[in-house]
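Here is what each chain is made of, one letter per residue.
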Amino acid sequence: MTRVVIAPDKFKGSLTAVEAAEAIALGVRDALPDAEIVTCPVADGGEGTLDVLEAAGARIVRLTVRGPLDEPVKARYAVLDGTAYIESARACGIEFVEPSPSTALAAHTWGVGELLADALVHGARRLVLTVGGTASTDGGAGMLGALGAGVLDAFGAPVGLGGGTLTRVASTELTPVRERLDGVRVAVATDVTNPLLGPEGAAAVFGPQKGAGPSEVAVLDEGLTRWAHALQVGGAPDVTRVPGSGAGGGVAAAAIALGASVESGFDLIAGLTGVDQALGGADLVITGEGSLDEQSLNGKAPAGIAERARGIPLLALAGRIRLDAAGLARLGVVGSSALIDHAPSLDHARIHAAELLRERAAELVRAWREG
């Protein structure tokens, strides 16, 4: 009996990783009716992580928090075996704003801190913070403020919220946060290696995606520079050169300043989904995500699956594929298909992603079987 392991990430804007795995499984069943099919939807610590955790048995906690521009946001986090998994984007995601220069300066992470606070109140002994997809570039200042930190100007007054306010920050009072986190382990789950500051930092690289123009990027980078110094005034180590400190608009930096470890988002989530065990004895592996591109080669879920599936035939499905033959070969892909190549328009591909995934999966599996 052929054993097929299906391990996709989300198809952003169309399907969760769980839904994508289900659609692919139907296609595999169409092509190989007698196959043993194991679905292991995966995530890399970005948006969609909670869906994967819920499928792995986590309990979802829902609450309303302060959104990135102060509007109420219905957010959620996951709890599994005493660990709370906080997805920053559920509280301050880019989808909650219409990106513009003003929102790039104003967006904050206060709601992320509210999620963390709720998890602590309910007894979490370990916190895992995923940091992808945020609208903010406030260095996690809002998050620490919600946990009780003082984010203060030179006169000892609060500077307010948003990355744009950090040009006035001079010091922090971190003792209340340290007391709340006493005995609690914290990890930042990310595969981004960008530092906090400079041309490869949070503002320069990710700010434009959040609406920042050149002048806003300069303001945000200056604010993050002052924020890093203020954290040191509060007794934290220098986090500016720590790989990954720029993730999530610098929210990772605030967690690292309080002693959080940085872990691979994919490795952390994959360890909970059973994908390593599932790959044992597999005859075929199928992975995919919304866009298979150069970023997919650097710590994203398909690359993680490809690394674990070395020696096993690997098929890749994506909304669009921007890797050339050499890039696909580096992943070990023996067959691939992009939904956009089989749809009259991008909108059609998004709306009918599940149907297209089923069709393309069946075609790829038949070609593999016959080849």
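Residues numbered from 1 in each chain as written. Predicted model: local features only at pLDDT ≥ 70, side-chain atom pairs only at ≥ 80, totals over all residues. Heavy atoms only, no water.

(A) Inspection of the pairing of strand 12 (residues 314-321) at higher detail. Counted residue by residue, strand 12 has six buried out of eight residues, so it is predominantly covered. Pairing geometry for strand 11 (residues 284-292) and strand 12, over seven bridges, is parallel. Looking across to strand 12, one finds that Ser291 is bridged to Arg320. Where strand 12 lies against strand 13 (residues 333-338), five bridges are found, and the strand directions are parallel. Paired with Leu314 across the two strands is Val333, which belongs to strand 13. Taken together, strand 12, helix 14 (residues 325-331) and strand 13 constitute a β-α-β crossover, and its handedness is right-handed. (Buried < 20%, exposed > 50% of the residue type's maximum accessible area, 1.4 Å probe, protein only. Helix = DSSP H or I, 4+ residues; strand = E, 2+ residues; numbered from the N terminus. Pairing = 2+ DSSP bridges. Right-handed = clockwise from strand over helix to strand, strands pointing away.)

(B) Molecular detail of the sheet that holds strand 9 (residues 185-189). Read across the open sheet, the six strands follow the order 3-4-5-6-9-10; overall the sheet is mixed. Every other strand in the sheet has two partners, leaving strand 3 (59-66) and strand 10 (261-263) as the edge strands with one partner each. Direction aside, neighbouring strands of the sheet carry axes that sit 30° apart on average. For strand 5 (residues 83-87) and strand 6 (residues 126-130), the ladder comprises five bridges, and the chain directions are parallel. Bridging across to strand 6, Ile86 finds its partner in Leu129. (Axes fitted to C-alpha atoms, helices over the stretch in contact; angles between N-to-C directions.)

(C) Structural context of helix 1 (residues 17-31). With 15 residues, helix 1 should reach 21 Å at 1.5 Å per residue; the first-to-last C-alpha distance of 21 Å fits that figure. Those residues of helix 1 that fall on the buried side of the exposure criterion are Ala17, Ala20, Ala21, Ala23, Ile24, Ala25, Gly27, Val28 and Ala31. For helix 1, the secondary structure elements touched by its buried residues are strand 1 (3-6), strand 2 (36-39), helix 2 (49-55), strand 11, strand 12 and helix 16 (353-370). (Expected span 1.5 Å × (residues − 1). Contact = heavy atoms within 4.5 Å.)

(D) The arrangement of unusual backbone geometry in detail. One non-glycine residue, Asp70, lies in the positive phi region at around 85°. By secondary structure assignment, the location of Asp70 is in the loop between strand 3 and strand 4 (72-80). Residue Asp81 is not a glycine yet carries a positive backbone phi of 55°. With respect to the helices and strands, the residue Asp81 is situated in the loop between strand 4 and strand 5.

(E) Looking closely at the pairing of strand 3. The pairing of strand 3 with strand 4 spans eight bridges and is antiparallel. Paired with Val65 across the bridge in strand 4 is Val73. Where strand 3 folds back on strand 4, the antiparallel hairpin that results is connected by five residues, among which Asp70 adopts a positive phi of roughly 85°.

(F) How the structure looks around the pattern of salt bridges. If you walk through the whole model with that rule in mind, you get 14 salt bridges. With a shortest N-O distance of 2.9 Å, Arg66 and Asp70 are connected by a salt bridge. For Arg66, a relative accessible area of 31% corresponds to the partly exposed category. A relative accessible area of 42% places Asp70 in the partly exposed class. Taking the shortest distance from any N to any O, the salt bridge between Arg90 and Glu95 comes out at 3.1 Å. Note on Arg90: relative accessible area 16%, which makes it buried. (Salt bridge = Lys/Arg side-chain N within 4 Å of Asp/Glu carboxyl O.)

(G) Structural context of the nonpolar core. With 57 residues, the main nonpolar core has Ile86, Leu127, Leu144 and Trp227 as its most contacted residues. Sequence-distant contacts of Ile86, defined by excluding residues within four places in its chain, comprise Tyr77, Val112, Leu115, Leu116, Ala119, Val128, Leu129 and Thr130. Phe11, Ala21, Ala349 and Ala353 belong to the second-largest nonpolar core, a separate cluster that totals 27 residues. (Core = buried A, V, L, I, M, F, W, Y, C linked by side-chain atoms within 4.5 Å.)

(H) Region of the structure containing helix 16. Between its terminal C-alpha atoms helix 16 stretches 25 Å, which fits the 26 Å expected from 18 residues at 1.5 Å a residue. Residues of helix 16 that are buried in the fold lie against helix 1, strand 11, strand 12, strand 13 and helix 15 (346-351).

(I) Up close: the sheet that holds strand 12. Ordered by their spatial adjacency, five strands build an open sheet running 2-1-11-12-13, and the pairing between neighbours is parallel. Pairing within the sheet leaves two strands with one partner each, and these edge strands are strand 2 and strand 13. Averaged over all pairs of adjacent strands, the angle between their axes in this sheet comes to 20°, without regard to strand direction. Examined bridge by bridge, strand 1 and strand 11 share three bridges and lie parallel to one another. Across the sheet, residue Val5 finds its bridge partner in strand 11, namely Val285. The strands that helix 13 (residues 301-308) touches are strand 11 and strand 12; relative to strand 11, the one it contacts most, it runs at about 160°. Running at roughly 145° to strand 12, helix 16 makes contact with strand 11, strand 12 and strand 13 of the sheet.

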